[in-house]
Each structure stands twice: as structure tokens, then as C-alpha cells.
Amino acid sequence: MNNQKNHNPFYDPSLSSRHRSARLFKAFTRGSILITLAFLCFFIFDMVRTAYPAMWQSYVKVEVSYNEKSSKISQKAIDKKFRKIVSRAWLRSIPKLLKQQPELMGTTANQWVLADDQVDQYMKGHHHNLKQKQVSVIETLKTNAQIELRWNNIFLSQGDSKLPENAGVYSSLIGSIFTLFVTLAIAFPLGVMTAIHLEEFARDNMLTRIIEVNINNLAAIPSILFGLLGLAVFINLFGLPRSSPLVGGLTLALMTLPIIIVSARAALRSVPDSIRQAGYGLGLTKIQIIQGNVLPIAFPGILTGTIIGLAQAMGETAPLIIIGMIAFIPDSPNSITDAATVLPAQIFTWAGMPERAYVEKTAAGIMVILLILFFLNAAAIYLRKKYEIKW
Amino acid sequence: MKSSGNNTLNPHRNSDIKITASGLNLWYGDNHALQDINMDIHKNKITALIGPSGCGKSTYLRCINRMNDLIDNTRITGEIVIDSKNIYDADIDVVAVRKRIGMVFQQPNPFPKSIYDNISYAPLKHRLIKKGIESDELVESSLISAGLWEEVKDKLKSPGTSLSGGQQQRLCIARAIAVKPDVILMDEPTSALDPISTEKIESLMMDLKKDYTIVIVTHNMQQAHRTADYAAYFHLGNMVEYNQTETLFNSPAEALTESYISGRFG
Ligand SMILES: Nc1ncnc2c1ncn2[C@@H]1O[C@H](COP(=O)(O)OP(=O)(O)OP(=O)(O)O)[C@@H](O)[C@H]1O
Ligand SMILES: [Mg+2]
């Protein structure tokens, strides 16, 4: 044998096949990563591709005449052939505008106004149901450079609308922030206190074990049941206002609690017992030990768990639908008891709309949620690194 | 095995006694870990507890500052009298006991704080000192007593965990003496350290016994021999023999002690 000729004392005939299977295994693991990455990339790519058009919105330049007639019937403000071209949302705003700026009365202006969603879809090359007549009007406008796609600042500054060209995520974003604020205010102190009690005070007996099992099970309950619970308890029993961030936040707090408890317990458990022993040995009381030495070490872990819990609550839709945060609510809430909607519920609503123009809004809404979640997770990592205590 | 009645071995009754254990029994669940311990510990002396692994040395040490209270399922009978008060009396607050009886552990366990805060934290909480100049002075004097001042005086704000193992252990000793205890309990304080750090801690102990009563658990026979004034040999939950170190090592009364010291088992 070749190896024997070379007097290789390390020659082992079984090695080549063992190495081969190791390589094969490595290839499989790498393959799984590649498949996962491929799915992820495809998803992101498709989302971005679909959402991209929502960054732009069509505007047309038309002659607007502000007079008595148009303050009553706003359609009269523009030429008949443009009536299907400009947005009805903009037309509706004329009487209000005239009330605010009476000096406009009796003037005419050549100005850029928001276009109808069908026109917008035509401009973006998507499917549309415009008549041939309107198409030719648009083509004329095009050749005169009287129609163009502009940066869409409606999407981030307006609430929901039945007219896609006027619909945005702003009020649902505010609703989400209010709701998450309530969730955080309830779930964080309750969760951390519960975790501290279970880890630092409770003796290991039947009762604590039952509580533990139930907390873990709580995390596995389908979220829609929390919605039913919220409906039954907070709305029907306590009479809190329906569709409000208060009820939504309380409901999500129920869901976030087990996540915070479990992660806070893990963080507390990871604090070496020798630290507590040192504290007892010096005659410190339990609260002094927990406050001064245990919590500072556990803090980054608790924080990370809380942010992850909040991120999960941020994307939760089903329970909020049940408690009515899905209703058509174009205005943003001013307090936690006002009716509001949340970002994922807004996306859900848009996804069910028949108009083609909502497709890009839906995708853009998803991008907004993904961006927020991305920043929340980045914040979790950053804060953990920042407050981590090195041994 | 000796019958429990004969375990009352109190050499030199006339000298100053700091701690007296009498009829001390401890059970971990069904495990009878300490069996009728009777022992007088002398003031301003170093007393070493030796014996094979699992014989109950640490358990006994933890009885002296009631650290065993923290373990579920333990039962203790008998008395430990310190300064003529039984620390297991109902009117005793364990926190006060542990403040007077400091402890140094096998593994150095500094708090996740700066060197300065490691030392000042407990005295501040006990309201022994105020923040500022008082605290600065206490930190300095404690570090000087623990022989660490010269090494750390320029980096008091850096974390306690940034020190070497031996320095950390001296930091823990400084932390213990900062609360001004009477007694310092040490459970194998040098077993995680190199010979040079060990020597530093040993000479530190010799310095400290002027002001403190020291009880140390050790597996290192030379260490017990070098440092301790008194030594007690434990075996399977019993205190087999207790005497002045020289006597215990050179002419042990019990066969068990002799075979352990001469290295036949343990
Ligand atoms: N927390 C505990 N719970 C239950 N049993 C314990 C506990 N700590 C110690 N024991 C038991 O008590 C007995 C004495 O243990 P202890 O730790 O006092 O021994 P030791 O002499 O310090 O040993 P070593 O030299 O190995 O440290 C052993 O049988 C041990 O298993
Ligand atoms: Mg021990």
C-alpha cells in the first residue's frame, strides 16, 4: 500500500470515509443556512419591490377656479374632463380651504393637485380601470408635463382613508405607540416584580411550581384568546372604551407578561449565587442585595427580554381585532382612551381592500413595521452591550 | 467513632473564649451533617478546621454566621454562644449576626462594582459611615489592612473583577473587615490561589488576628500548621479532636486524626 511504502505511522484506512461524512454534514448545515437566507432575501426583495411605488404619488397640474359654486359643489372647481383625474379627497377639501382662506374666492389658479388612485396606478404602469377617454387625457397631460410622480409625504403624515391616494400610516403608528406605552407601563413592572419574587423570595413548593407552569403555559396560549379575554374583562366587565389603546395595551400586556417574566427570571438566575452569598456574609438585607448587586447584573437581560416582548406585541394583530382596534379610524388618538387602530391592524385592513392601489400601501406598511422591529432589536442589542457587566 | 458525649474538648478553658458551640446538630433533610458539636473558639486566635471532604467543616463554619438559614430543609439544634448570647435565640436578627461575623469564601466573589464601591457598599448600607471623606478613609484603611492599598490605590474606580484572583481575595477580605466585624470566617480562602497569593493571605491572617477572631477551613495541612493557633479535626459530621495546633499535629490523641494528618486518607 502506498502509505505503508512511505512508512506513515499515522495511517488509518477508516479516516477518509469519516472525513467524507464530516464534510457532507457540514455541507448539509451550510445548505440549510443558504435555504433560509434565500427565503428571507426573496421575502425582503419582494416586499421592497411591492412597497417601492408607494413612495411616489401622482400629481396633476390643473386649472382650479374658486367661486361660490365650487364652495358648494367642489367638483365644479375644475374642468369636467379632469373630474375623474384628480383625487376626490382633494376635491372635498376645497370648501374647507375656502373657509380658511376667503381671499381665494373668485380667483383661478393653475396648480398641482393630488391625482386619483386609478391615475396613479396608470402612471406606475399597474393595472387600472380607466376609460380610453381618461387615458387620452392623461397622455395629453403627460406630453405637457402636467402630470408627474412626486415623493409621497401623505403616507407618513395621514391616517387611513377610503381613498387609497389619501391613505397613510400616521394615525395607526400613533395608535401603536400609545398601545405599546400602556403595555410597557403595565407589563414591565408587573413582570419584573413577579420574576424577582419567584427567583429571589419564593420557596420551591407546590404553589410556586403551579404558578411557574401556568406562566410558561400563558406564553403558549393563542393570542386570539387574549383578545377574547380582553373583550370580556376590560370592555364588558370594567366598561373601558372599546377600540382604545388602553384596552389594547392591557390585552397585549397579558401576552407580554410571560415573556418578560421568563426572560427576567433567566437573567436573575444567571447572576452567580456567590454574589448573593457575599452580600449575606456582610449582613446586607435581601433588598439591598437585590437592588445593589443582583439587578445591575440582571438588568441587560431583563431589558432585552422586555424589548423582545414589546416587539412581539408590536406585531400582534388578532387580539386587537377582537377588541375593535380594526375599525375604520382615520384620526390619530389624542389619549389612550380614544378609539385608535394599530399598524398591523391597518395593514390587515388594507390587505382586504379591493382597490389595486392598496397593494403597495400594504407592502409599505409592512416595511414600516419591519423597520420599527429592526430598530427595536438593534436597541436591544445595543443596550445589552452597553449595560453588560464584564466579569 | 467516638460517642458524642466525649466530644467536649475545650483546651485552655481559662483563656478568652469568643465562640462556644454546644450540643450543635444540623440536618440537611435526613442527612445528619453535624453531630453534637461542642467547641470553644478563642478570641484573637486563628482556629483551623481540617478533615476529609464532606465531613462538615463548611457546614459548621456557616452555622457560626447562620448562613445555613439560607438553605432550605435544614434543621439545627443546640447553641452557638457568641459574647454570651446564643445567636440561635428567637430575638436575634440574622442580619445583625452576619454583620458582626464576616465571611470570606473559597472563590473570590467581588461585587460587580468598582474596587471602591466593593468596600464602601456594605458600610454605607449599615450606616457606619457617610459618603465622602469618611468613606474614602474607610476604603483606604481597609485596603491597607488587607495589604492591597499599594497595588490598587491608583485604580479604585476600576471594577473589582479586573484584579487578579489573589488580589480579588484580598479585596474580599478588605470588604469583610470594612464592616468592622469581631470574627472572620474563611472557607478555604486560598484554595483557588497560587502559592505567592496564598502566602500573602496567610501573613495577612497573622496580622489580622490582633483585632479579629479568625476561623479558617483548609485542606492544606501546612497552612493549618503554619497559621493556626488551634486546630479541630472533623470526621463524618463529628468533631473528633480539638487542640492547640502543635499538639494536634505532633501528638494527636485520636487514631483517626493521626491517620488523616499523616496523609493516609482525606
Ligand atoms: N446545601 C446542602 N444541602 C444538602 N446537603 C449538604 C449541603 N451542603 C453540604 N451538604 C452535605 O453536608 C455534608 C457536609 O458538607 P460540607 O460542605 O460541610 O463538607 P466540607 O467538610 O466543607 O467538605 P469540603 O472539604 O469538600 O468542602 C456533606 O455530606 C454534604 O453532602
Ligand atoms: Mg467545604
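Residues numbered from 1 in each chain as written. Chains lettered and ligands numbered in written order. Predicted model: local features only at pLDDT ≥ 70, side-chain atom pairs only at ≥ 80, totals over all residues. Heavy atoms only, no water.

Points about the environment of F10 of chain A
Going by this rule: A helix here means a DSSP run of H or I that spans at least four residues, while a strand means a run of E at least two residues long, and both kinds are numbered starting from the N terminus.
Note on placement: F10 of chain A falls in the loop between α1 (2-5) and α2 (15-51). Separated by 324 residues in sequence, F10 of chain A and N334 of chain A have C-alpha atoms that sit 78 Å apart.

Let's talk about the site of ligand 1
Residue and element names in this part refer to chain B. Rule in force here: Residues are classed as near a molecule or strand on a simple rule: at least one heavy atom within 4 Å of it. Residues adjacent in sequence count toward polar contacts only when both atoms are side-chain atoms; beyond that, a polar contact is any pair of N or O atoms within 3.5 Å, and within protein one must be able to donate a hydrogen and the other to accept it. To measure how exposed things are, a 1.4 Å probe is used in the Shrake-Rupley method; for residues, cover is taken only from the protein chains shown. All residues other than Ala, Val, Leu, Ile, Met, Phe, Trp, Tyr, Cys, Pro, Asp, Glu, Lys and Arg, Gly among them, are scored as polar; the first ten of these are nonpolar and the last four charged.
As a matter of local geometry, ligand 1 sits amid 14 residues, with S53, K57, S58, T59 and H219 nearest to it. Note that an oxygen atom of ligand 1 is positioned 2.8 Å from one of the backbone N or O atoms of G54. T59 places a side-chain nitrogen or oxygen 2.4 Å from an oxygen atom of ligand 1. For ligand 1, the protein covers 64% of the area, taking 630 Å² as the surface of the free molecule. Mapped onto the shell around ligand 1, the elements with two or more residues apiece are β2 (31-42) and α1 (57-64). If you tally residues by element for the shell around ligand 1, the top one is α1, at four residues. Split into classes, the residues belonging to the shell around ligand 1 amount to four nonpolar, seven polar and three charged.

So, the nonpolar core
Put simply, the rule is: Side-chain atoms within 4.5 Å are what join buried Ala, Val, Leu, Ile, Met, Phe, Trp, Tyr and Cys residues into a set we call a nonpolar core. Only protein chains enter the calculation, and the probe is 1.4 Å; a residue is then buried if its accessible area is under 20% of its type maximum, exposed if over 50%, and partly exposed in between.
Core analysis: the biggest nonpolar cluster contains 62 residues, and M39, L49, Y60, I64, I80 and F234 of chain B have the highest contact counts within it. Grouped together as the second largest cluster of nonpolar side chains are 42 residues, A48, Y116, A174 and I214 of chain B included.

Here's the deal with unusual backbone geometry
All names here are of chain B. One non-glycine residue, D83, lies in the positive phi region at around 50°. Note on placement: D83 falls in the loop between β4 (74-82) and β5 (85-86). Taking the relative accessible area as the measure of exposure, D83 reaches 36% and is therefore partly exposed. At K180, a residue that is not glycine, the phi angle is positive and equals roughly 55°. Within the secondary structure, K180 sits in the loop between α6 (165-178) and β7 (183-187). Classification of K180 by relative accessible area gives exposed; the value is 51%.

Thoughts on the domain arrangement of chain A
Residue and element names in this part refer to chain A. Note the cut-off: Either an automatic procedure or a domain database provided the assignment from which the domain bounds are taken. For this analysis, residues touch if any pair of their heavy atoms sits within 4.5 Å. Simply put, the buried area is the total loss of 1.4 Å probe accessible area from both parts when two parts are fitted together. The term salt bridge refers to a pairing of a side-chain nitrogen on Lys or Arg with a carboxyl oxygen on Asp or Glu at a separation within 4 Å.
Along its sequence, chain A is organised into domain 1 (53-152) and domain 2 (170-387). Distance between the C-alpha centres of domain 1 and domain 2: 44 Å. Facing the 10 residues of domain 1 at the interface are six residues of domain 2. On the domain 1 side of the contact with domain 2, A54, D117 and Q121 bury the most area, a combined 57% of that side's loss. Joining domain 1 to domain 2, the criterion identifies one salt bridge. Between K124 and E360 there is a salt bridge whose closest N-O contact spans 2.6 Å. Our enumeration of links across domain 1 and domain 2 arrives at two residue pairs in polar contact (both at pLDDT 80 or more). The dominant element in the side of domain 1 that touches domain 2, judged by the number of residues it contributes, is helix α6 (residues 117-123), at three residues.

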